[in-house]
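Spelled out from the first residue to the last, the chains are:
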Amino acid sequence: MIKPVWRSAFFASSLVAISLASVPAHADDHAAKSAAALEPMSAEDLIAMPRLGAPVATPDGRFALYSVTETDRETFERTTKHFLQDLRSPDAAPALIDLGGSAHDFAFGADMFLYFLSDRPAEGSDEETGSSQVWRAALEANGNVTGPMQVTDLPADVHGFHISPDATKIAVFGDISRSCATF
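This text gives an overview of the structure that appears in the document.

Cut-offs applied
Residues numbered from 1 in each chain as written. Predicted model: local features only at pLDDT ≥ 70, side-chain atom pairs only at ≥ 80, totals over all residues. Heavy atoms only, no water. Buried < 20%, exposed > 50% of the residue type's maximum accessible area, 1.4 Å probe, protein only. Helix = DSSP H or I, 4+ residues; strand = E, 2+ residues; numbered from the N terminus. Pairing = 2+ DSSP bridges. Salt bridge = Lys/Arg side-chain N within 4 Å of Asp/Glu carboxyl O.

Looking at the pairing of strand S7 (residues 114-118)
Moving on, step 1. Taken across its five residues, S7 has five buried, putting it largely inside the fold.
Moving on, step 2. Here S7 shows two buried faces, one formed by Leu114, Phe116 and Ser118 and the other by Tyr115 and Leu117.
Moving on, step 3. Pairing between strand S6 (residues 104-108) and S7: three bridges, direction antiparallel. The partner of His104 across the bridge, within S7, is Leu117.
Moving on, step 4. Relative to strand S8 (residues 133-139), S7 runs antiparallel, the two being bridged by five bridges. Bridged to Leu114 within S8 is Ala137.

Shown next, in the form of structure tokens:
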């Protein structure tokens, strides 16, 4: 779970203004004074604050998958973790999802598979990374992942995709040279 750290006087003042609006006019201004004493937000704070990725919901609306990217303040290396949240049980802790490598641009198909882009090498390959291709995996509520399996095997990187409403077809796009006759 992300716990925000309010170090900016701007953000702290905004929070105080919101909370002071709901209290009687004669309330102590202690909160406003303590907010002004906070250190201003630095460029490092902006770089290192956790980033929430765009959530995507299953077709039945039961689950949402989202990503959180954290930055190490010493090395500035970023780490992204993916979580599955049961939307029918909002008090339930999100399940950590391990897709076994890089994964981004998530979409659920009508078949309930999670589709995503990854540059992991194809199974059996000796390479460290492969080209960006579409993969899919089955997810369970407890975070268990079945798969993932590669869906496309194109000679060029896939930069995006869209799944047909019945999940039987997939449209892909990418950057190719004008002289290339096919993708």
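There is more to say, and it comes next.
Some thoughts on the pattern of salt bridges
Moving on, step 1. Summed over the entire model, instances satisfying the criterion amount to four salt bridges.
Moving on, step 2. The closest approach of N and O atoms between Arg73 and Asp45, which form a salt bridge, is 3.1 Å. Here Asp45 lies in helix H3 (residues 43-48) and Arg73 lies in the loop between strand S3 (63-71) and strand S4 (78-86), a separation of 28 residues in the sequence.
Moving on, step 3. Judged by its relative accessible area of 37%, Arg73 is partly exposed.
Moving on, step 4. For Asp45, a relative accessible area of 5% corresponds to the buried category.
Moving on, step 5. Across the pair Arg62 and Asp86 runs a salt bridge, and its minimum N-O distance is 2.9 Å. Here the residue Arg62 occupies a position in the loop between strand S2 (56-57) and S3, and Asp86 occupies one in strand S4, the gap between them amounting to 24 residues.

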